[in-house]
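Reading the structure
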Amino acid sequence: MQVQEQVSLKHLNTLNLNAIASHYVQINQPNDVIAALDFAEQHQLNVLVLSGGSNVLLPQQIQALIVHLNIQGIDVVTQDADTVTVKVGAGQVWHDFVLYSTQQQWFGLQNLALIPGLVGASPVQNIGAYGVEAGEFIDSVQVYDRKLKQFDSIPAQACHFAYRHSIFKDDPDRYIIVSVTFKLLKKADLRLNYGDLKQAVGDELNAENLQNQVILIRQSKLPDPKEFPNVGSFFKNPILSQAEFDKITQQFPNIPHYPQPNSNVKVAAGWLIDQTGWKGKQLGPVGMFHKQALVLVNYADAALTDVKNTYQAVQSDVKQKFSIQLEPEPVLYSEHGLIQAHSG
């Protein structure tokens, strides 16, 4: 394990924000985590765990130890006639793992193809798309528990997975995820809840075609971070009570929506943003993508302040028009490597 100083993180965050870390270390095996934490304690540094950088907002200077997870490996743990359980290193690229699972005829994750980031980040916000969430197929999460100072395996039911949420968001400084164990199906159970996906799949009802159509749809709507730096969907889809939803539909009857448990209703954040005129609109070097209003793009050499100015302006306009407060998805960090609350 080698700690480096004054390291640029620009190529390690998909929004391509200029960020310089005072200290940086790459973690290639679980035991490196202990050594990295010991270094941080000796030098009185906060620890910022960085995965694929696809869901973070970083300041220009970070006085902290950046722990960059690069633990690899996909190993079959056990299997039976219906399922296969596989343990995947936190540093494995998520999309590559999804493609590999399909090649192996392991099913369940096809709807989640082309989501950016690494496997280790998938449980944190319980990534989801097209009616599927990663938490449905997670068996357990292997972590280093900084409170108990030991490695542990947390079963899925104890992770409290919910929409874009888990215990890892509730207590972000406690756990460092080193691997994730998935329980996948040996027989495909296609999820075609979303209209555009069902139409795209058509009559060719197999997992390979489903995965390919998800990739094509995402490519048609979402910009490649290498061409247009972004973090994917920037805002969460708001979940409203039935009463709140009924009130909004009196004025906006065509609002896209999806039923949720407990009589709640999820509405499309992208539609809300589009209706306020932000689709394709820029504020300085940052704007909302012209093909998908939910995606915030760094069009030039933007700093974190530019990103804040734009997303807070979007929040303000949506709040004024719909009385809905949009909540950003990416995690905002301070100059000391600590998670900050979004304002706006």
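Residues numbered from 1 in each chain as written. Predicted model: local features only at pLDDT ≥ 70, side-chain atom pairs only at ≥ 80, totals over all residues. Heavy atoms only, no water.

Per an unreviewed UniProt entry, the protein goes by UDP-N-acetylenolpyruvoylglucosamine reductase and derives from Acinetobacter vivianii. One UniProt comment on the protein, placed under Catalytic activity (unreviewed entry), says "UDP-N-acetyl-alpha-D-muramate + NADP(+) = UDP-N-acetyl-3-O-(1-carboxyvinyl)-alpha-D-glucosamine + NADPH + H(+)". UniProt annotates the protein under Pathway (unreviewed entry) with the comment "Cell wall biogenesis; peptidoglycan biosynthesis." (UniProt positions renumbered as here; feature names shortened; annotations may be inferred.)

Things to note about the UniProt feature "active site" (unreviewed entry) in the protein
Annotation from UniProt places "active site" (unreviewed entry) at Arg164, Ser233 and Glu329. A maximum C-alpha distance of 11.6 Å among these annotated residues, which run over 166 residues, shows that they cluster at one spot. Considering the arrangement of structural elements, one finds Ser233 in strand 13 (residues 230-233). On the basis of relative accessibility, which here comes to 29%, the residue Ser233 falls in the partly exposed class. Those residues in contact with Ser233, other than ones at most four positions away along the chain, are Leu294, Val295 and Glu329. (Helix = DSSP H or I, 4+ residues; strand = E, 2+ residues; numbered from the N terminus. Buried < 20%, exposed > 50% of the residue type's maximum accessible area, 1.4 Å probe, protein only. Contact = heavy atoms within 4.5 Å.)

Considerations on the sheet that holds strand 18 (residues 286-288)
Across the sheet, four strands lie side by side as 13-19-18-17; this open sheet has antiparallel pairing. The two strands at the open ends of the sheet, each matched to only one other strand, are strand 13 and strand 17 (282-283). Here strand 13 runs beside strand 19 (residues 295-298); their pairing, made up of two bridges, is antiparallel. By the bridge assignment for strand 19, Ser233 is matched with Val295. Each of strand 17, strand 18 and strand 19 touches helix 8 (residues 304-322); the most contacted strand, strand 18, lies at about 30° to it. (Pairing = 2+ DSSP bridges. Axes fitted to C-alpha atoms, helices over the stretch in contact; angles between N-to-C directions.)

Re the packing of aromatic side chains
Within this structure, the stated rule accounts for twelve aromatic pairs. Taking the centre distance of 5.6 Å and the plane angle of 85° together, the rings of Phe168 and Tyr175 count as edge-to-face. Its relative accessible area of 5% is what places Phe168 among the buried residues. Residue classification places Tyr175 among the buried residues on the basis of a relative accessible area of 17%. Relative to Phe235, the ring of Phe234 has its centre 5.1 Å away and its plane inclined at 75°; by these criteria the two rings are edge-to-face. Per residue, the accessibility class of Phe234 equals that of Phe235, and both read buried. Ring-pair connections join several aromatic residues into one group, and the members of that group are Trp94, Phe97 and Phe182. Sitting over the face of the ring of Trp278, Lys281 holds its NZ or CZ atom 4.4 Å from the ring centroid. The ring of Phe322 carries the charged tip of Lys321 above its face, separated from the ring centre by 5.9 Å. (Phe/Tyr/Trp six-rings, centres within 6.5 Å; stacked < 30°, edge-to-face > 60°. Lys NZ or Arg CZ within 6 Å of the ring centre and 35° of its normal.)

Thoughts on helix 2 (residues 94-103)
In an α-helix, one turn spans 3.6 residues; hence positions three or four apart end up facing the same way. Trp94, His95, Phe97, Val98, Ser101 and Thr102 are the residues of helix 2 that are buried. Across the axial projection of helix 2, the buried residues extend over an arc of 160°, all falling on one side. Tucked inside the fold, the buried residues of helix 2 contact strand 6 (74-79), strand 7 (83-89), strand 12 (175-185) and helix 5 (207-221). Where helix 2 terminates, the next one or two residues include Gln105, which has phi positive at roughly 65°. (Arc of directions from axis to C-beta.)

Looking at the UniProt feature "domain: FAD-binding PCMH-type" (unreviewed entry) in the protein
The sites that carry the UniProt feature "domain: FAD-binding PCMH-type" (unreviewed entry) are, in the present numbering, residues 17-187. Taken as a whole, residues 17-187 contains 15% helix and 38% strand, while its terminal C-alpha atoms sit 42 Å from one another.

Focus: the nonpolar core
Counting 38 residues, the largest nonpolar core has Trp94, Phe97, Leu109, Phe168, Phe182, Leu184 and Leu197 as its most contacted members. Contributing elements (two or more residues each) for this core: strand 7, helix 2, strand 10 (138-145), helix 3 (167-170), strand 12, helix 4 (195-201) and helix 5. Apart from the residues lying within four places of it in its own chain, the contact partners of Leu197 are Asn111, Tyr130, Arg191, Leu192, Leu210, Gln213, Val214 and Ile217. Counting residues in each nonpolar core, the second largest holds 34 residues, with Ile255, Leu294, Tyr311 and Val318 among its members. (Core = buried A, V, L, I, M, F, W, Y, C linked by side-chain atoms within 4.5 Å.)

Considerations on the sheet that holds strand 12
Read from one edge of the open sheet, five strands run 6-7-12-10-11, paired in antiparallel fashion. Where the open sheet ends on each side, the last strands, each with one partner, are strand 6 and strand 11 (150-155). Looking at each pair of strands side by side, their axes are set apart by 20° on average, direction ignored. Pairing analysis gives six bridges linking strand 10 to strand 11, with the strands arranged antiparallel. Each residue of the ladder has a partner; that of Val141, found in strand 11, is Ile154.

Focus: the pattern of salt bridges
Note on pairing: side chains with opposite charge can pair once their charged atoms come close. Inspection of every chain in the model, using the stated rule, returns six salt bridges. A salt bridge links Glu136 to Arg191; its shortest N-O distance comes to 2.6 Å. Of this pair, Glu136 sits in the loop between strand 9 (132-133) and strand 10 while Arg191 sits in the loop between strand 12 and helix 4, and the two are 55 residues apart along the sequence. By relative accessible area, Glu136 is classed as partly exposed at 41%. What makes Arg191 partly exposed here is its relative accessible area of 22%. Where Lys236 meets Glu327, a salt bridge forms, and the shortest distance between an N and an O atom there is 3.0 Å. In this pair, Lys236 sits in the loop between strand 13 and strand 14 (239-240) while Glu327 sits in the loop between helix 8 and strand 20 (331-333), placing the two residues 91 residues apart along the sequence. (Salt bridge = Lys/Arg side-chain N within 4 Å of Asp/Glu carboxyl O.)

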